[in-house]
Amino acid sequence: MGNKISTKLSRAILSVLLFASFCAQAQQDKFHLGGNERTETGPMLIWSGVAFGVAFILLLIFKLRYDKKKRAELKEQMKATAARHRTSQTRSTSSRTRGSAAS
């Protein structure tokens, strides 16, 4: 399951990075006026900020989903271990009562 999440996450990040690089290249070609440094770096800075924000939000969403699933699995595991402990205690108690009744 963790492998599936990491594969989806890597695909999402790759697509965001490809989109950001394409947009940055298009903006650079569009605004390249020859030597004006402010015009060249402005759109690229904006698109890199947007790409970072999108990647951060995607990571946050995937992390929250993963934590929620892990928490549910941990609760199930705790319930299963608690049920096993209760049954093992009743078995030992019942076997003790059977042993003393037989004597």
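To be clear, the structure that these remarks concern was listed above.
Remember, it's a predicted structure, so these values are computed and weren't measured experimentally. (Residues numbered from 1 in each chain as written. Predicted model: local features only at pLDDT ≥ 70, side-chain atom pairs only at ≥ 80, totals over all residues. Heavy atoms only, no water.)

Caption draft 1: Quick look at the overall build of the protein. When its secondary structure is counted, the protein shows two helices and zero strands. The buried share among the 103 residues of the protein stands at 13%. Surface accessibility of the protein: about 8700 Å² in total, with carbon and sulfur atoms responsible for 64%. (Helix = DSSP H or I, 4+ residues; strand = E, 2+ residues; numbered from the N terminus. Buried < 20%, exposed > 50% of the residue type's maximum accessible area, 1.4 Å probe, protein only. Areas by Shrake-Rupley, 256 points an atom, 1.4 Å probe, with all protein chains shown as cover.)

Caption draft 2: Broad picture of the packing of aromatic side chains. The tally for this structure, following the rule as stated, stands at two aromatic pairs. With a centroid separation of 6.4 Å and 90° between ring planes, the pair formed by Phe19 and Trp47 is classed as edge-to-face. On the criterion of sequence distance, the pair formed by Phe19 in helix H1 (residues 2-31) and Trp47 in helix H2 (residues 37-102) is long-range, its members being 28 residues apart. Judged by centre distance (6.4 Å) and plane angle (20°), the ring pair of Phe52 and Phe56 falls under stacked. Of this pair, Phe52 and Phe56 both sit in helix H2, four residues apart, roughly one helical turn. A residue is classified by how much of its surface remains accessible, and Phe52, at 61% relative accessible area, is exposed. (Phe/Tyr/Trp six-rings, centres within 6.5 Å; stacked < 30°, edge-to-face > 60°.)

Caption draft 3: Structural context of a nonpolar patch on the surface. On the surface, Phe52, Phe56, Ile57, Leu60, Ile61 and Leu64 cluster together into a nonpolar patch covering about 640 Å² of accessible area. For Ile57, the position within the fold is in helix H2. (Patch = residues over 30% accessible without salt bridge, like charges linked within 9 Å, V, L, I, M, F, W, Y side chains within 5 Å. Salt bridge = Lys/Arg side-chain N within 4 Å of Asp/Glu carboxyl O.)

Caption draft 4: Inspection of the environment of Arg65 at higher detail. Along the chain, the position of Arg65 falls in helix H2. Look at Arg65 and you get partly exposed, because its relative accessible area is 44%.

Caption draft 5: Highlighting a positive patch on the surface. Taken together, the side chains of Lys4, Lys8, Arg65 and Lys69 present a region of like positive charge at the surface. Broken down by secondary-structure element, the contributors of at least two residues to the positive patch are H1 and H2. (Lys, Arg positive; Asp, Glu negative; His and termini not counted. Charge placed at Lys NZ, Arg CZ, Asp CG, Glu CD.)

Caption draft 6: Main features of the environment of Trp47. Exposure remark for Trp47: the relative accessible area of 27% places this residue in the partly exposed category. With 25 residues separating them in the primary sequence, Trp47 and Phe22 have C-alpha atoms 9.9 Å apart.

Remember, this is a structural readout, not a statement about activity or role.
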